[in-house]
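Each chain, letter by letter, is given below.
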Amino acid sequence: MSPAAKVSEFIREGNDWFCKTGLPSDITVVVDDVKFHLHKFPLVSKCGKLARMYKDSRSTDKKALWTTVLEEFPGGSETFLTAARFCYGARVDFTSKSIVSIHCAAEYLEMTNEYGEDNLISQAETFLHKHVLRNWKDCILALQGSSQVLKSAEKLQTIPKLMNAVSTMVCTDPSLFGWPMMMYGTLQSPGGSILWNGINTGARMRSSCSDWWYEDVSYLSVDLFRRLIKTMETKGIRAESLVGAMVYYARKYLPGLGRWQNRTRGSSKSRASVVGFSLATASSSASMSPVDQIALLETILSLLPEKRGRSFCKFLLCLLRVAFILGVDGEYVKKLERRIGMQLELATLENLLILNYSDSETLYNVDCVERMIRHFVSSSSSSELSDFSPPSLDAEKSPSSLAPLRKVGKLVDSYMAEVASDVNLKPDKMRSLAAALPECSRPLYDGLYRAFDIYFKEHPWLSDKDKEQLCNMMDYQRLSIDACAHASHNDRLPLRVVLQVLFFEQMHLRTALGGTNTGTAHALSIPGQEIVERDGWVTVVRQNKVLKVDMQKMRSRVGELEEEFQNIKQEMKKRVMSKSVSSPRLVKMGCKFLLPRASDAKNDTVQRSVSSTPRSAAAVEHAPPRSSRHSKHRKSFSFFG
């Protein structure tokens, strides 16, 4: 039973309300199938709409009992009961949560001062301006109570007034608008001390940050929250503050978003910086239907500014994950992918690993990541997104135009290495991922080689043709010496690939050895450039010793590779010339640079004569022969583990 039913003048019997004044009722008003049996004089004297309706009805109908139905009455039967009690002279207690409905009902009934001094409209407007619009808590409660009368309140400009008041308070020092500041936060005294059971403890609260209002506005409906954010934009509130409020609101109502977004440790009540957008989980978990969650996701996406930032990119990826779970329309997914792709260099591997929630066989949604990569490549030449301010806290800018591209290259290589263990991932998908980025994005192909190696390990049934097609995506000249050493002893690679890697590894070592000799001669010819004043010639001697050791190691390695390379060429020559060997594979795979020539023999003889040191000769003499392709992986070449 409604609290108003306890008033002595009004009683409720089933679905009917009666006013006991000792006189029989002569007017029946129906609101939302609830009948109010009232009297003509109190209502007609206060309500202009009922007076006009009664006058028009009496001219056509002379019945003693008049019945009328009020369609679409603001606030429903409970609000009409409040207006009826006011007409009978009973005291009406206005509250912040009911004032908007009462104001709309008074306007609907035309309860102006023309039908009585200090009528209901006048009193409602006075309470609204003197008590509600000046206090943060009352404004939030009034907005919460206006959910059922939004159309009527919009016509009366009540909602815009409340929105402007809230936006102004957010822009200003919160301590100027009374206490407690946070409706749902810790109770605080006017002086700032913490209260315990109403007793001042003397402990001081921390100074409020610019995110103090996030919790309170999160209790508004989706439509009111959207309109409030729009109003705050017109007031010039910073974009990072608005995005922080949207993140807080989304994490409160969208499933799983708080778990993916919040990676910070510590108390759940602590809040990080506004720019970081890493806020505490809302204390009260509100339930929302999937349809409302989809509407909320679409609303948040329409409100997000065209900005870039590390935490902002993380939030967008979390929204994309939720969109796949809820089955959001494809257009909104495309918008999210485009916005993430434009700042893909700020993403992390953990957030890119989006599971496949459709009927696809693959574990991860690789197609989505590929589309974001292509958005990044296509948008790299266009205008960049503006950063959140201050940019030093959240976004990173590099003076080099290739820096973002190379960051994405490393990220994609790491992503490919992570998804390579999926047994259902096809070679074509790995190839398309590798080809989505231009060649300049990879100064070294070590990351791509590692991804392919993991893929070959988890897919041992792949043919040599499929493996060669994947390996052709790599530039062997851009493999580091360590990667070449690992690949040359990798039994999972095709023989043709191993031979090419061996060739380029030898070229790398010769180039490095030649560069070391040149650098040593230059250092000795200009000793002044290598001298440190504090240590004198000691520094030069120490550097020369290190260079000598490195040279000896390189010479030993070159000698070992040359010996092994000569054995492979001789073996291939024997197989080609032998009539008993009928396999066309070696003949087809033979490379021109692998065939022995007279000039190569001379160069090899000269090279061995130049580098014929006792240590290198011993290394070559005791160098073990190359293991077969079916031997186990050597532990000494553990570049990729």
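Here, the structure is the one placed above.
What you see as residue numbers is a count from 1 along each chain, following the sequence as written. Note on the predicted model: pLDDT of at least 70 is required for a residue's local features to be given, and 80 or more for side-chain atom pairs to be given and counted; whole-chain, interface and lining totals, by contrast, use all residues. Side-chain numbers here rest on the full set of heavy atoms in the structure, without hydrogens or water.

(A) Structural context of the pairing of strand S5 (residues 66–69). Buried, partly exposed and exposed residues are distinguished by accessible area as a fraction of the type maximum, computed with a 1.4 Å probe on protein chains only: under 20%, between the cut-offs, and over 50%, respectively. Numbering of helices and strands starts at the N terminus; helices are DSSP runs of H or I of at least 4 residues and strands are runs of E of at least 2. Alternating residues of S5 divide into Trp-66 and Thr-68, all buried, and Thr-67 and Val-69, none buried. At least two bridges found by DSSP between two strands is the condition for calling them paired. As paired strands, strand S3 (residues 27–31) and S5 are joined by four bridges and run parallel to one another. Its bridge partner being in S5, Ile-27 is matched across the sheet by Trp-66.

(B) The sheet that holds strand S4 (residues 34–38), seen in detail. Strand order in the open sheet made by the five strands is S1-S2-S4-S3-S5, with mixed pairing throughout. Looking at strand neighbours, the two that pair on one side only are strand S1 (10–13) and S5, the edges of this open sheet. Sheet twist, expressed as the average angle between the axes of neighbouring strands with direction ignored, equals 20°. The sheet contact formed by S1 and strand S2 (residues 16–19) spans four bridges and is antiparallel. Comment: axis = line fitted to C-alpha atoms, over the contacting stretch for helices; angle = value between 0 and 180 degrees taken between N-to-C directions.

(C) Geometry of the side chain of His-103. By the secondary structure assignment, His-103 is in helix H4 (residues 99–109). Residue His-103 is classed as buried on the basis of its relative accessible area of 5%. In this view, His-103 contacts Ile-121, Ala-124, Glu-125, Leu-156 and Thr-158; residues no more than four positions away in its chain are not counted. Contact criterion: two residues are considered in contact whenever any of their non-hydrogen atoms come within 4.5 Å of each other.

(D) How the structure looks around a nonpolar patch on the surface. Each patch groups residues whose relative accessible area exceeds 30% and which form no salt bridge, using 9 Å between like charges and 5 Å between nonpolar side chains of Val, Leu, Ile, Met, Phe, Trp and Tyr. Per-residue and other accessible areas were derived by the Shrake-Rupley procedure at a 1.4 Å probe size, with only the shown protein chains allowed to occlude residues. The salt bridge definition used is simple: a Lys or Arg side-chain nitrogen within 4 Å of an Asp or Glu carboxyl oxygen. Taken together, Ile-325, Leu-355, Tyr-357 and Leu-363 make up a surface patch of nonpolar side chains, about 330 Å² in accessible area. Within the secondary structure, Leu-355 sits in the loop between helix H16 (349–352) and helix H17 (366–379). Under the relative-accessibility criterion, Leu-355 is labelled partly exposed at 35%.

(E) Representation of the nonpolar core in the model. Each nonpolar core is a collection of buried residues, namely Ala, Val, Leu, Ile, Met, Phe, Trp, Tyr and Cys, held together in the definition by side-chain atoms within 4.5 Å. Counting residues in hydrophobic clusters, the biggest one holds 155 residues, and the most contacted among them are Phe-80, Met-111 and Trp-213. Setting aside residues up to four positions removed in sequence, Phe-80 forms contacts with Val-29, Val-31, Phe-36, Leu-38, Leu-70, Phe-73 and Leu-109.

(F) How the structure looks around helix H13 (residues 290–303). By this rule, a helix spans an expected 1.5 Å times one less than how many residues it contains. Between its first and last C-alpha, H13 extends 20 Å over 14 residues, near the 20 Å set by a 1.5 Å rise per residue. Along H13, the positions that sit buried rather than exposed are Gln-293, Leu-296, Leu-297, Thr-299, Ile-300, Leu-301 and Leu-303. Elements in contact with the buried residues of H13: helix H10 (222–234), helix H11 (239–253), helix H14 (310–326) and helix H15 (330–341).

(G) Representation of the pattern of salt bridges. Counted by the stated rule, this structure contains 16 salt bridges. In this structure, Asp-367 and Lys-429 form a salt bridge, with 2.6 Å as the shortest nitrogen-oxygen distance. Residue Asp-367 is found in helix H17, and its partner Lys-429 is found in helix H20 (residues 427–435); the two are separated by 62 residues along the sequence. Overall, Lys-429 belongs to the partly exposed group, its relative accessible area being 24%. For the salt bridge of Asp-428 with Arg-431, the shortest nitrogen-to-oxygen distance reads 2.3 Å. A residue pair is termed a helical-turn pair when its members lie 3 or 4 positions apart in one helix, as Asp-428 and Arg-431 do in helix H20 at three residues.

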